[in-house]
Amino acid sequence: MYLPPHDPHVDDPMRFKPLFRIHLMERKCATVECMYGHKGPHNGHIQIVKKDEFSTKCNQTDHHRMSGGRQEEFRTWLREEWGRTLEDIFHEHMQELILMKFIYTSQYDNCLTYRRIYLPPSSPDDLIKPGLFKGTYGSHGLEIVMLSFHGKKAKGTKITGDPNIPAGQQTVEIDLAHPLQLPDVENLRDFSELSRIVLEVQEQVRREEQEQEHRQEEEEAASQPAAKPLGGEGAEGEETAAGAEGTTQDKAPASQPFVLPMGVISRNEDYPRTCRICFYGTGLIAGHGFTSPERTPGVFVLFDDDRFGFIWLELKSFSLYSRIKVSFQNAEAPSREAFDEMLKNIQSLAT
C-alpha cells in the first residue's frame, strides 16, 4: 500500500507498507501471508474474483490486535498515519474526523477487494503531464487525486476519499476554456475582489451553457438529415481541438506573483509564490456520508509542471497538490476508451 506523506507535507515522498505476500511453492501451489498488524506475517487468503479484480482475507485477525486494546491501536495508527499524537491535535473537529477515519479503515482487518486503475493517457496538448497527485484536504489530511485531461476540461478524481467525498468522485473540474486574469498581488489579498472575478466568470459559463442547450434544442426541432448533425459534431470537435491548441500556447507564460487572499485557510503555508496561469473551475463539497453534494466555484492555480492548487471559494480554503513521482509498472491504459470506462466504473462504485 502506498500512503501519502504526513500532513501537510505534500512534497515529501510516498510511504510504502506491505499488506500481503505470496510464496510460490512446488506443484503450482502457493501460500499467502497477511502482513497487516504488528505481530509479523500470518495466514491469509487471496481470491481472484474476475478480470482485473481480486480479494484478500486475513485468516488470523487476532494478529492485528494489541495488548492495550483499541486505544493502543488508535494511538499507534495515529503515529503512523499522521506522524503525531492525539495531544498534538487541538482542533476538536479534526480529532472527530481522524477518529472516524480510524474506525472506518480498521474495521476491514485487511479483508479487501482490489480493482485495477489506469494512469491517465497524455497528449502533447495537455496543460501539464496528467497523473497522480498528493493534495491537502483540511482536517481530512492528505488525499490522492488523479488529474486527467478531456478536451476543454481537466478533471481531478479522488483515488482516496474521506467521510465527506468518497474515492471515485470528481473532486475538482477545471474549465480550460476560461482562464482567469488575477489582479496584482495587493488586490489579490482582498478576497472579495477574487470572489467578484470568479463569480463573473461563473455567470458567463452559465450563459454559454444555456445558449448551447438552446442551439441544440433548435437543431433537434429542425429535424435535419443525419449527415448534418454529424457535420456539426465534426465542427465541434475542431473547435475543441482549436481550444486545446490555444490553451497549449498559453500554458507556459511568464510567471506572475501569487499570494492567497486574506481569510483563505491553507494547511500548507509553504505554497509557491509565483504561478503560470489560472483557470475557472468547480469543486465538489458535501456533508458527512456524501450528503447534499454540490459543485461550487473555485480557482485552479498552475504553479509548475509538478504542482497546482485550488481555491475553494465557498469554503475559503486552499488545497495544494504535488505530483507523485513513484514509477508504477503496467499502469498505462490500453486505450482512451478503457481509461474513460474505468473512470465511470470507480465513480459508480462510489455512489
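Calculation rules
Residues numbered from 1 in each chain as written. Predicted model: local features only at pLDDT ≥ 70, side-chain atom pairs only at ≥ 80, totals over all residues. Heavy atoms only, no water. UniProt positions renumbered as here; feature names shortened; annotations may be inferred. Helix = DSSP H or I, 4+ residues; strand = E, 2+ residues; numbered from the N terminus. Buried < 20%, exposed > 50% of the residue type's maximum accessible area, 1.4 Å probe, protein only. Contact = heavy atoms within 4.5 Å. Lys, Arg positive; Asp, Glu negative; His and termini not counted. Charge placed at Lys NZ, Arg CZ, Asp CG, Glu CD. Domains from an automatic or database assignment. Buried area = accessible area lost by both parts, 1.4 Å probe. Salt bridge = Lys/Arg side-chain N within 4 Å of Asp/Glu carboxyl O. Polar contact = N/O pair within 3.5 Å; in protein donor to acceptor, adjacent residues only side chain to side chain. Nonpolar A, V, L, I, M, F, W, Y, C, P; charged D, E, K, R; others polar. Pairing = 2+ DSSP bridges. Core = buried A, V, L, I, M, F, W, Y, C linked by side-chain atoms within 4.5 Å.

Named according to an unreviewed UniProt entry, the protein chain is FBX31 protein originating from Spizaetus tyrannus. According to the UniProt record, the Pathway (unreviewed entry) comment for the protein chain is "Protein modification; protein ubiquitination."

So, on to the overall build of the protein chain. Counting secondary structure elements, the protein chain contains six helices and 18 strands. Projected onto the principal axes, the alpha-carbon positions of the protein chain cover approximately 70 × 55 × 35 Å. Put simply, the protein chain has 351 residues, and 39% of those count as buried. Partitioning the contacts of the protein chain with sequence separation of at least 6, the portion at a separation of at least 24 is 55%. Within the protein chain, the 54 negative side-chain charges are centred at a point lying 7 Å from the centre of the 40 positive side-chain charges.

One frequently used descriptor of interface size is the decrease in accessible area upon assembly of the parts. Here the protein chain is described as being made up of domain 1 (2-115) and domain 2 (131-209 + 253-349). Listed by partner, the interface residues are 20 residues for domain 1 and 20 residues for domain 2. In total, domain 1 and domain 2 occlude about 1700 Å² of area from one another, counting both sides; carbon and sulfur atoms represent 66% of this. Among the residues domain 1 hides against domain 2, the three largest losses belong to Val-10, Met-14 and Leu-97. Together they make up 33% of the total. Taken together, the connections running from domain 1 to domain 2 amount to two salt bridges. At the surface where domain 1 touches domain 2, the tally comes to five residue pairs in polar contact (both at pLDDT 80 or more). At six residues, the largest contribution of residues to the side of domain 1 that touches domain 2 is made by helix α2 (residues 92-106). Looking at the side of domain 1 that touches domain 2 residue by residue, the class counts come to 10 nonpolar, three polar and seven charged.

Further remarks concern the pairing of strand β6 (residues 53-58). Relative to β6, strand β5 (residues 42-50) runs antiparallel, the two being bridged by six bridges. From the neighbouring strand, Lys-50 faces β6, where its bridge partner is Glu-53. Two strands pair when backbone bridges link them, and β6 and strand β7 (residues 112-115) are joined in this way by four bridges, in the antiparallel orientation. By the bridge assignment for β7, Ser-55 is matched with Thr-113.

Once that is clear, we can look at the nonpolar core. Residues Leu-180, Phe-258, Val-299, Ile-311 and Phe-318 are the most contacted members of the largest nonpolar core, which totals 26 residues. Elements that contribute at least two residues to this core include exactly α4 (191-222), β15 (277-287), β16 (291-304) and β18 (317-323). When residues of this core are assigned to their parent elements, the largest contribution, six residues, is made by α4. Not counting residues within four places of it along the chain, the set of residues in contact with Leu-180 comprises Ile-197, Val-198, Val-201, Cys-278, Phe-279, Tyr-280 and Val-299. One finds Ile-128, Ile-174, Phe-279 and Phe-310 within the second-largest nonpolar core, a separate group that totals 20 residues.

Secondary-structure assignment places Met-14 in the loop between β1 (2-3) and β2 (15-16). Spatially, the C-alpha atoms of Met-14 and Thr-31 are 29 Å apart, while their sequence positions differ by 17 residues. Sequence-distant contacts of Met-14, defined by excluding residues within four places in its chain, comprise Tyr-2, Leu-3, Pro-4, Pro-5, Lys-134, Ile-144, Ile-324 and Val-326.

Glancing now at the pattern of salt bridges. Under the defined criterion, the tally for this structure stands at 25 salt bridges. Taking the shortest distance from any N to any O, the salt bridge between Arg-116 and Asp-52 comes out at 2.7 Å. With Arg-116 in the loop between β7 and β8 (131-136) and Asp-52 in the loop between β5 and β6, the pair connects residues that are 64 residues apart, well separated along the chain. Under the relative-accessibility criterion, Arg-116 is labelled partly exposed at 43%. One connected set of salt bridges, linked through shared partners, spans Arg-65, Arg-70, Glu-73 and Asp-109.

As a further point, take the side chain of Ser-322. One can find Ser-322 in strand β18. The exposure class assigned to Ser-322 is buried, which follows from its relative accessible area of 6%. Within the local environment of Ser-322, its side chain forms a polar contact with the side chain of Asp-11, the two groups lying 2.7 Å apart. Filtering out sequence-adjacent residues up to four positions away, Ser-322 remains in contact with Val-10, Asp-11, Leu-132, Phe-133, Lys-134, Asp-306 and Arg-307.

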